[in-house]
Structure formats: structure tokens, C-alpha cells
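Listed here are the chains, written in short residue letters.
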Amino acid sequence: MFKIGMALIFAVIAALVVIIAGVFGSPRLVTVFLRSFLAFVVTWAVVWFVLFLLEAKGVIGFDKNLELIEPEDSEPTDEELAAHAAEAEGGEQADAAAVESEEDMAADDNAGFQPLSTDNLKHMDTSETT
């Protein structure tokens, strides 16, 4: 359905362009409408065929893989609550272990740490030497 709609949109645009170009070119009105109808049909067929090929090759799936979102209003079951509780406890234990390891690393790094002072900073010479 999407392919047909998209092809129709492009076909209508092509027909309008041909009508506008025909009106400014000043041929007979019947010729303008015949050319616009021909442009409509050819554009619709070409766009639909290209979209059909893209979907057949698996490049783009317009109408496929449409899944409805399930409402989340339903209450969680006891199994889901237990699983969430177990994940939360495991996460807290992992966080505590990470904090302890970071403190150990910081203590090791502080042994060679020296704060900045004005004596050990390099100063840039801003005087112009041109």
C-alpha cells in the first residue's frame, strides 16, 4: 500500500510539472492534458517498479516488519518482579566493587602525584620578535 501511495504522489507531482510547463509553452490545452496524463502514468509505473525491486532485493522493507507496541498498562508478574529485584541487587554489588577498585587505583596513583605550582609551570613569552 505504501508503494502505491508513494508512486501516486510522485506521479501527481510529475503531472503538475508537465501542466505548468505546458501552460507556459502555450500549446493547445488538449495536448497539455494528454502529456500530463502520459507523464502521470509513466512516472507512477517507474516509481512503483523501482520500489518493488528495492523491496524484493531486501534493500528497503516498506510494508514489512511492522509490529504493534504492546500496552504497558498490564501489571508485572511475580517472576518479572523477582528478576528485577535480582538485577538491582547485582547492580548494587557491582557498583560497590567498582568504587572500592577506583579508591585502590587512586591511592596507587597519588603516590607519584604532585600538585601544580608556579615554579614548575612553563611560561610563554608573549613579546613580539619581528
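From a predicted model like this one, the values you see are computed outputs, not experimental measurements.

Asks: Hey, could you run me through the overall build of the protein in this one?
Replies: Secondary structure assignment for the protein yields three helices and zero strands. Taken from the N to the C terminus, the helices and strands of the protein come in the order α-α-α. A buried classification covers 9% of the 130 residues belonging to the protein. Considering only intrachain contacts with a sequence separation of at least 6, the fraction spanning at least 24 residues in the protein is 63%.

Asks: Please clarify how helix α1 (residues 2–25) should be interpreted in this entry.
Replies: Residue pairs spaced three or four apart in an α-helix point in one direction, given the helix's 3.6 residues per turn. Given a rise of 1.5 Å per residue, 24 residues ought to cover 34 Å, and the 35 Å separating the end C-alpha atoms of α1 matches this to within 8%. Those residues of α1 hidden inside the fold are in contact with α2 (29–57).

Asks: How do you make sense of the packing of α1 against α2 when you look at a structure like this?
Replies: In helix packing, the relevant descriptors are the interaxial angle and the interaxial distance, both defined with respect to the helix axes. Following both chains from N to C, one finds α1 and α2 inclined at 150 degrees, their axes separated by 7 Å at the closest point. Looking at the two axes, α1 sits roughly antiparallel to α2. The handedness of the crossing between α1 and α2 is right-handed. The residue makeup of the contact of α1 with α2, split by class, is 21 nonpolar, three polar and three charged.

Asks: Quick question: what am I supposed to make of the confidence of the model for the protein here?
Replies: Regions with low pLDDT carry predicted coordinates that are not meant to be interpreted in detail. The share of residues in the protein with pLDDT of 70 or more is 63%, and the mean pLDDT across the chain is 74. Taken element by element, the protein is modelled with least confidence in helix α3 (residues 78–109), mean pLDDT 65, and with most confidence in α2, mean pLDDT 87.

Asks: Teacher, can you tell me more about the packing of aromatic side chains here?
Replies: Each pair of aromatic rings is reported with the distance of its centres and the angle of its planes. Summed over the entire model, instances satisfying the criterion amount to two aromatic pairs. Summarising the aromatic geometry, the rings of W44 and W48 are spaced 6.3 Å apart at their centres and angled 15 degrees between planes, so their arrangement reads as stacked. Taken together, the residues span about one helical turn, with W44 and W48 both in helix α2 at a distance of four residues. Since its relative accessible area comes to 29%, W44 is described here as partly exposed. For W48, a relative accessible area of 30% puts it in the partly exposed group. Pairwise contacts between aromatic rings join W44, W48 and F52 into one cluster.

Asks: Got a minute to help me understand a nonpolar patch on the surface in this structure?
Replies: Where nonpolar side chains cluster on the molecular surface, the patch consists of I4, L8, W48, F49, F52 and L53 and spans about 510 Å² of accessible area. Among the secondary structure elements, those contributing two or more residues to the nonpolar patch are α1 and α2. Among the elements that make up the nonpolar patch, the one with the highest residue count is α2 (four residues). Among the structural elements, F49 can be located in helix α2. Judged by relative accessible area, which is 45%, F49 ranks as partly exposed.

What counts as what
- Residues numbered from 1 in each chain as written.
- Predicted model: local features only at pLDDT ≥ 70, side-chain atom pairs only at ≥ 80, totals over all residues.
- Heavy atoms only, no water.
- Helix = DSSP H or I, 4+ residues; strand = E, 2+ residues; numbered from the N terminus.
- Buried < 20%, exposed > 50% of the residue type's maximum accessible area, 1.4 Å probe, protein only.
- Contact = heavy atoms within 4.5 Å.
- Expected span 1.5 Å × (residues − 1).
- Axes fitted to C-alpha atoms, helices over the stretch in contact; angles between N-to-C directions.
- Parallel < 35°, antiparallel > 145°, perpendicular 65-115°, else oblique.
- Left-handed = near helix turned anticlockwise from the far one by under 90°.
- Nonpolar A, V, L, I, M, F, W, Y, C, P; charged D, E, K, R; others polar.
- pLDDT = per-residue confidence, 0-100.
- Phe/Tyr/Trp six-rings, centres within 6.5 Å; stacked < 30°, edge-to-face > 60°.
- Patch = residues over 30% accessible without salt bridge, like charges linked within 9 Å, V, L, I, M, F, W, Y side chains within 5 Å.
- Areas by Shrake-Rupley, 256 points an atom, 1.4 Å probe, with all protein chains shown as cover.
- Salt bridge = Lys/Arg side-chain N within 4 Å of Asp/Glu carboxyl O.

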